[in-house]
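Listed below, chain by chain, are the residues.
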Amino acid sequence: MKLHLIYIGGFIALINLLWFTYNTWTRKIPAQNPASWFMWTVIDGLLLGSMLMAGLSPWLPLAYTIGALSVTVAMHFRGKWSIGGKEVLCAICAGITTYFWISRGATAGAMAGVIAMAAAGVPIWIDLFRNPVRSSWPVWAYTMLACFFTLFGSDWSLEQSLLAWSGIVFNGSLTLIVLFKIPPQDRPLRNVLREFTGR
């Protein structure tokens, strides 16, 4: 039964990212920087490899890797490549994960990979906190749901559950932010000041 929950979690995560890919292809979602998604794919792939080598459940990182790769391909044709602070941060996180995997073993590499994913997600979290995009809530909500299924299918050890816990906190907080935080341009005081100053 628990293994079925892990399968369901991976399936939800994969379908969620493929849905995002489809909406990118059809231009329902504005194109983003493909370099960012490529670096996410690298981190997800490193996490997948280290978890497989450590004998940990691979289904959630497998879904992340396939999904991020599909988004990268879509963004390649719809977006524009550029290297900025987010991409550099992701590259550093990928390097740290690789270092721990080689020097400390697969389990340490997997733990470092989870932390790297969380660190690489901080700029996205800050951007959405400053300017919440309400239409993005399904991406975060369904990923959080996938992490819940993965968590309840795990044995609750740190090694097996850290990725799920990290995803629940990250995606759950973003779901709440984009659904309930009032964007700066919609705040009453901001509107009053805009009318008063003409800006």
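The text that follows walks through the structure, step by step, so that each part is easy to find. It should be emphasised that the depicted structure is a prediction, and the values quoted were computed from it without experimental measurement.

## What to know about empty space enclosed by the protein
So, step 1. For the structure on display, the rule yields one cavity of 30 Å³ or more.
So, step 2. Taken as a whole, the largest cavity encloses approximately 80 Å³ of empty space.
So, step 3. Together, Ile-6, Met-51, Ser-57, Trp-59, Leu-60, Pro-61, Thr-150, Ser-154, Gln-160, Leu-163 and Ala-164 line the largest cavity.
So, step 4. Of all the secondary structure elements, the ones that give two or more residues to the lining of the largest cavity are α3 (59–78) and α7 (158–180).
So, step 5. When grouped by side-chain class, the residues that make up the lining of the largest cavity number seven nonpolar, four polar and no charged.

## What about the packing of aromatic side chains?
So, step 1. The final tally for this structure, using the stated rule, is ten aromatic pairs.
So, step 2. Relative to Trp-156, the ring of Phe-152 has its centre 5.5 Å away and its plane inclined at 80 degrees; by these criteria the two rings are edge-to-face.
So, step 3. With a relative accessible area of 44%, Phe-152 lands in the partly exposed category.
So, step 4. In this structure Trp-156 comes out as partly exposed when scored by relative accessible area, which is 41%.
So, step 5. The residue whose ring lies beneath Lys-181 is Phe-129, and the NZ or CZ to ring-centre distance is 4.6 Å.

## Notes on the layout of surface pockets
So, step 1. Computed from the structure, the largest pocket encloses a volume of approximately 1000 Å³.
So, step 2. Around the largest pocket, the lining comprises 40 residues; the ones closest to its centre are Gln-32, Trp-37, Ile-124, Val-139 and Trp-140.
So, step 3. Put simply, the parts of the chain that give the lining of the largest pocket at least two residues each are α1 (2–25), α2 (34–54), α3, α4 (85–104), α5 (106–130), α6 (137–153) and α7.
So, step 4. When its residues are assigned to classes, the lining of the largest pocket shows 23 nonpolar, twelve polar and five charged.

## Describing the nonpolar core
So, step 1. Among the nonpolar cores identified, the biggest contains 41 residues, and Tyr-64 and Leu-163 are the most heavily contacted of them.
So, step 2. Mapped by element, the contributors of at least two residues to this core are α1, α2, α3, α4, α5, α6 and α7.
So, step 3. Excluding anything up to four places from it in sequence, Tyr-64 contacts Ala-13, Leu-17, Asp-44, Met-117, Thr-143, Cys-147 and Leu-163.

## Looking at α2
So, step 1. A rise of 1.5 Å per residue sets the reference length of α2, with its 21 residues, at 30 Å; its end C-alpha atoms lie 30 Å apart and thus fit the reference within 8%.
So, step 2. Among the 21 residues in α2, 15 count as buried, and that is most of the element.
So, step 3. Its side-chain oxygen 3.0 Å from the backbone nitrogen of Ala-35, Asn-33 forms the N-cap of α2.
So, step 4. Positioned one or two residues after α2, Gly-55 has a phi angle of 75 degrees, which is positive.

Here is what the cut-offs are and how they apply
- Residues numbered from 1 in each chain as written.
- Predicted model: local features only at pLDDT ≥ 70, side-chain atom pairs only at ≥ 80, totals over all residues.
- Heavy atoms only, no water.
- 1 Å grid on protein atoms, 1.4 Å probe; cavity = no way out; pocket = protein on both sides within 12 Å on 5 of 7 lines; lining within 4 Å.
- Points joined across faces, edges and corners; volume = space filled by probe spheres on them.
- Helix = DSSP H or I, 4+ residues; strand = E, 2+ residues; numbered from the N terminus.
- Nonpolar A, V, L, I, M, F, W, Y, C, P; charged D, E, K, R; others polar.
- Phe/Tyr/Trp six-rings, centres within 6.5 Å; stacked < 30°, edge-to-face > 60°.
- Buried < 20%, exposed > 50% of the residue type's maximum accessible area, 1.4 Å probe, protein only.
- Lys NZ or Arg CZ within 6 Å of the ring centre and 35° of its normal.
- Core = buried A, V, L, I, M, F, W, Y, C linked by side-chain atoms within 4.5 Å.
- Contact = heavy atoms within 4.5 Å.
- Expected span 1.5 Å × (residues − 1).
- Polar contact = N/O pair within 3.5 Å; in protein donor to acceptor, adjacent residues only side chain to side chain.

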